[in-house]
Amino acid sequence: MEAWVEQLQEEVNTLKRLKKFIHVTPDEEDAISTMKTKWGTTPYFASLMDPDDPNCPIRKQVIPSKKEQENVFGMENYLVWKENRDTEEIRPDSIARQYRDRVAFTITDICANYCRHCFRKEVVVDRDLKLRMDVEEGLEWISEHKEVRDVLITGGDPFILSDDKIEYLIVKLREISHLQMIRFHTRVPIVLPQRITRGLMKVLSGFHKVPIWLNTQCNHPKELTEETAKAVHGLLSCGISVGNQGVLLKGINDDVETFRELHRKLLATRIRPYYMFYCEPAPGIDHFRTPVEKGAELIRDAIRGHTSGLAQPMYVIATNIGKIPLMPDYYIADKNEKEYKLKNYQGKITTIPTI
Ligand SMILES: *Cc1c(COP(=O)(O)O)cnc(C)c1O
Ligand code: SF4
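Thresholds applied
Residues numbered from 1 in each chain as written. Chains lettered and ligands numbered in written order. Predicted model: local features only at pLDDT ≥ 70, side-chain atom pairs only at ≥ 80, totals over all residues. Heavy atoms only, no water. Helix = DSSP H or I, 4+ residues; strand = E, 2+ residues; numbered from the N terminus. Buried < 20%, exposed > 50% of the residue type's maximum accessible area, 1.4 Å probe, protein only. Contact = heavy atoms within 4.5 Å. Phe/Tyr/Trp six-rings, centres within 6.5 Å; stacked < 30°, edge-to-face > 60°. Near = heavy atom within 4 Å. 1 Å grid on protein atoms, 1.4 Å probe; cavity = no way out; pocket = protein on both sides within 12 Å on 5 of 7 lines; lining within 4 Å. Sits in = over half its atoms within 2 Å of the grid points. Nonpolar A, V, L, I, M, F, W, Y, C, P; charged D, E, K, R; others polar. Axes fitted to C-alpha atoms, helices over the stretch in contact; angles between N-to-C directions. Parallel < 35°, antiparallel > 145°, perpendicular 65-115°, else oblique. Left-handed = near helix turned anticlockwise from the far one by under 90°.

Give me the environment of Ile170: which residues, what numbers.
The topology assignment puts Ile170 in helix H9 (residues 163-174). Exposure remark for Ile170: the relative accessible area of 3% places this residue in the buried category. In the structure, Ile170 is positioned 175 residues away from Tyr345 in sequence and 43 Å away in space, judged by C-alpha atoms. With sequence-adjacent residues up to four places away left out, Ile170 is seen in contact with Ile182, Phe184, Val203, Leu204 and Ile212.

Before we move on, could you go through the packing of aromatic side chains and cite the residues and values that matter?
Scanning the entire structure with this criterion turns up four aromatic pairs. Each ring, one from Tyr78 and one from Trp81, has its centre 5.6 Å from the other, and the planes form 45 degrees; the classification is tilted. Here Tyr78 pairs with Trp81, and both are found in helix H6 (residues 78-82), just three residues apart, close to one helical turn. According to the relative accessible area criterion, Tyr78 is buried, its value standing at 0%. Between Phe159 and Phe184, the aromatic rings sit 5.0 Å apart at their centres with planes inclined by 50 degrees, giving tilted as the arrangement. Of the two residues, Phe159 sits in the loop between strand S3 (150-154) and H9 while Phe184 sits in strand S4 (residues 181-185), which places them 25 residues apart along the sequence. Three or more aromatic residues joined by ring pairs make a cluster, and in this case those are Tyr274, Tyr275 and Phe277.

Summarise the site of ligand 2; cite the residues concerned and give the values.
Around ligand 2 sit Cys111, Asn113, Tyr114, Cys115, Cys118, Val124, Gly156, Arg187 and Gln217, and that is every residue in its neighbourhood. When atoms are counted within 2 Å of each cavity's grid points, the one that captures over half of ligand 2 is the largest pocket. Classifying every residue of the shell around ligand 2 gives five nonpolar, three polar and one charged.

So, the packing of helix H8 (residues 135-144) against H9: which residues are in play, and what are the values?
Contact geometry of H8 with H9 gives a least axis separation of 10 Å together with a crossing angle of 20 degrees. Here H9 runs roughly parallel to H8, going by the angle between their axes. H9 is crossed by H8, and the crossing has right-handed handedness. Counting all contacts with H8, which are made through Val135, Glu136, Leu139 and Ile142, the residues of H9 involved are Tyr168, Leu169, Lys172 and Leu173. Classifying every residue of the contact of H8 with H9 gives six nonpolar, no polar and two charged.

Take a look at the structure:
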């Protein structure tokens, strides 16, 4: 059996299995045994947990918490709003649309790790929103929409599917002449790096005029191991660029040290930071959410001017009308007929002439 399949079969999703990795606290035990929620991770990701520290950033992303029931600010029917599911356009459940030229295509609701902060919780974790994830139906819709030139394959985690299914999907998408690129969104390089096998690399590699891009999700430097570095290198060797879409999470990565270390280590692992997301107002994740300003402050205080420009993600909030950048307000401090006044990360001012 391939190592990644074994990882999934031995999913850490019971108290008994979790206890092989950490000293479970009474709070954690209470949440696991009383809450009806899907949870679990791979033995690999569980092995990165700190056995003695309940505030371990990996534990917080994996183990259910009673705080998930204290929903005050999370929006009801969040995904229906966010993914424009009650608009006039008729689309299959698998297609979420916010833009004219690109769509998100959901092909599974299975993940290798059920992230407690997941904004798609209603589908993936709580499963109170049932979507039909019919691949054929989605492919047909895309082939009928010539304005769509970029398809973002998401889930769940699309890399949970077999090599054959992934290959079928890529082949079918490449038959659609108006598609210019295929993107995968997968947490596998972080939570199940064993998935990047020779077999999968064979499916993904080779020159084709329709390239594959990939974004993963890494939120804390502890998640970046040698296994991940090798998996990323494998993907890059297939001609696939690997980016990161992190989530700003309270108590996990919202301090200057961790935020800077995360972005430095991403580059050292050959992953290019793409987006840092504000934690969305989905239900049951209030306890992970910071003030909106926090991310912009961290970009200013931890990244820009403090480390390689390549390490800089765009800080965005994903909404029903698309992603909205929330960058620090240090660029145009003032403007008059003669000049623009610009402020740097330290608050220093300079001017350039207007045109
Ligand atoms: C995030 C997202 C996209 C892609 O956005 P980019 O800014 O191009 O990365 C496309 N469609 C939907 C529905 C999305 O949520
Ligand atoms: S891998 Fe993605 S879809 Fe799955 S639980 Fe985590 S954030 Fe949600």
